[in-house]
Each structure stands twice: as C-alpha cells, then as structure tokens.
Amino acid sequence: MLSEGIEQAFRSGELLLPVEPSAPVETVPASGVPVAVTVMMAVFVVAAILLLRNFLQILPLLADSIFRARGSTSLESSVRSSGDRNLIALVLTIPMILLAYRYRLYDPDFVQGMGDSARLLCVGGAIAAWILLRAILYVWFKPKRRYDFYQLSYRSGFTYWILLSIVMLLTSGVLFLFGTPDRLIRMVLYAEILTGFSVYLFRRAQILSLSCNHLRTFLYLCGLEILPAAALVISAVIL
C-alpha cells in the first residue's frame, strides 16, 4: 500500500519547467571599443614605428619653427624633410580623430543618438572637412605672384599640427593614467588647442608680414584660418 501511494504521488505531479530548450543568451563583447577604433589604432601604431626615425631627424627643425618665424624656412628648404613632415602630419591625424572621439571634443547634438561607429565617422568627417576647407581657401586666395611666404605660412600649419598632436597625446595619456575625469581632460585639451592655435596664428602672421602689409596679413588670417575654425566650432554648437 505504501509503495502504491508513492507511485501515485509521482504520477500526479506537474512539470513546471519548460519542455523546449530556451533561446541562447546573447553574449556581450568583452570590449565596447568599435572595430573601427581598433583598426585606426593599429594603423597608427604601425605607421608611427615606421616613421619614428624620420620624426627624430626633423624634430630639431620642428622645434626651431616654434622659436623663430624663419625657422620654417630651414624645414621647407629640404624637400625630403618637408615631405617627411607632411606625411607625419597626415599620420597624426588618426590619433587626433580618436582623441576628439574619445573625449567628445567635437560633440554636436545630432551625434548624441548615434552609435559609436557612426559618431566616430562624424567626428572624422568634421575634421576632414575642416582640413579640406583650409586647402580650398588656400588655393582660392593664393596670389598670382610672390607667393613664397604665403605658401610657407600655410605649410607651417603641418608643423604646428604635429607639435599640437604630440602634446595632446602625451597630456591625455598622463592624465588618464592618473585617473583624471574625462571632463577635466577635455578642458585641458581644449586649452591646449586654443594655445597652440594662437601661437600658430602669431607665427603665420609673422611669416605673412614678410611679404604683406598688416591689413592684408589680417585679412589672410581671417579668411584662411579663423573662418575654417569658426565653421568647425559653429557646426559643433548649432547642429
């Protein structure tokens, strides 16, 4: 009788667990870094290793451009050195885009709802548009004769782009290692951009003044540098 009661109890039991297997749980990637960021970082590291020797060779010329208005002349007089400088400036655009993306240096409202990859594309597009606008204005305002110093002042921008990139990379890296909040790092980077841009404007004005009067120099700076920079800032504030 006892055994029959036990068997009857198990027969009348109800199975509460689902019979069909549950759907597989989606795995979360170990890293939230977009693939595009990883690829850009890898490309930059490889290019930096390949160009390290070239950079060390032109470093004294780059430093001379900061302390002397005519320092850029020594750099431009060498085709190889100026070519290496331009290539290094191009490569350093990669980490500058990543810095602007990581610390939201360019952060208009329309990118807020985008994914990480789309936001990175917008940041890179904005910086590329700024560079392209400067190049277009340079060609547009280029004088028909006696444009040596005009060209020299424009190419000095590549030099200051390199120096600013290095300073910003070192600063952000050190502050990150010390656990500095992103907001404070962003403020420091903004201050470095403003300082570097101001020094560059001063040096470019000095170079232009070697062949232009003060009024023409001021107009060149407004059209060639201040206008593209203002367009970039306005797009970040209004859009």
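Computed from a prediction, not measured in an experiment: that's the story for all the values here.

## Regarding the overall build of the protein chain
No. 1: Broken down by element type, the protein chain carries eight helices and zero strands.
No. 2: Each helix and strand of the protein chain, ordered N terminal to C terminal, gives the series α-α-α-α-α-α-α-α.
No. 3: Here the protein chain holds 239 residues, and the buried ones make up 35% of them.
No. 4: Sequence separation of 24 or more characterises 71% of the internal contacts of the protein chain that already satisfy a separation of 6 or more.

## Remarks on unusual backbone geometry
No. 1: Look at Arg104: it is not a glycine, yet its phi comes out positive at around 55 degrees.
No. 2: For Arg104, the position within the fold is in the loop between helix 4 (79-102) and helix 5 (116-141).
No. 3: Of the residues examined, Arg104 reaches a relative accessible area of 32% and is grouped as partly exposed.

## Considerations on the pattern of salt bridges
Here the idea is simple: oppositely charged side chains can pair when their charged atoms come close.
No. 1: Counting across every chain of the model gives six salt bridges.
No. 2: With its nearest N and O atoms 3.0 Å apart, the salt bridge here joins Asp107 to Arg104.
No. 3: The salt bridge partner of Glu225 is Arg204, with a shortest N-O separation of 2.4 Å. Of this pair, Glu225 sits in helix 8 (residues 214-238) while Arg204 is found in helix 7 (residues 182-208), placing the two residues 21 residues apart along the sequence.

## What about the environment of Arg85?
No. 1: Tracing the sequence through the fold places Arg85 in helix 4.
No. 2: Separated by 23 residues in sequence, Arg85 and Leu62 place their C-alpha atoms 8.6 Å apart.
No. 3: With residues up to four places along the chain from it excluded, the contact list for Arg85 reads Ile58, Leu62, Leu75, Glu76, Arg155, Phe158, Thr159 and Ile162.
No. 4: Only 2.4 Å separates the side chain of Arg85 from the side chain of Glu76, close enough to count as a polar contact.

## Some details on the confidence of the model for the protein chain
No. 1: Of the residues in the protein chain, 85% have a pLDDT of 70 or more, and the chain-wide mean is 83.
No. 2: Segment residues 21-31 is flagged for pLDDT under 50; beyond a separation of four residues in sequence, or across chains, it makes zero contacts in the model.

## Overview of a nonpolar patch on the surface
No. 1: Residues Val174, Phe176, Leu177 and Phe178 make up a contiguous nonpolar surface patch of roughly 510 Å² in combined accessible area.
No. 2: Mapped onto the elements, Phe178 comes out in the loop between helix 6 (148-177) and helix 7.
No. 3: The class for Phe178 is exposed, based on a relative accessible area of 69%.

Parameters at a glance
- Residues numbered from 1 in each chain as written.
- Predicted model: local features only at pLDDT ≥ 70, side-chain atom pairs only at ≥ 80, totals over all residues.
- Heavy atoms only, no water.
- Helix = DSSP H or I, 4+ residues; strand = E, 2+ residues; numbered from the N terminus.
- Buried < 20%, exposed > 50% of the residue type's maximum accessible area, 1.4 Å probe, protein only.
- Contact = heavy atoms within 4.5 Å.
- Salt bridge = Lys/Arg side-chain N within 4 Å of Asp/Glu carboxyl O.
- Polar contact = N/O pair within 3.5 Å; in protein donor to acceptor, adjacent residues only side chain to side chain.
- pLDDT = per-residue confidence, 0-100.
- Patch = residues over 30% accessible without salt bridge, like charges linked within 9 Å, V, L, I, M, F, W, Y side chains within 5 Å.
- Areas by Shrake-Rupley, 256 points an atom, 1.4 Å probe, with all protein chains shown as cover.

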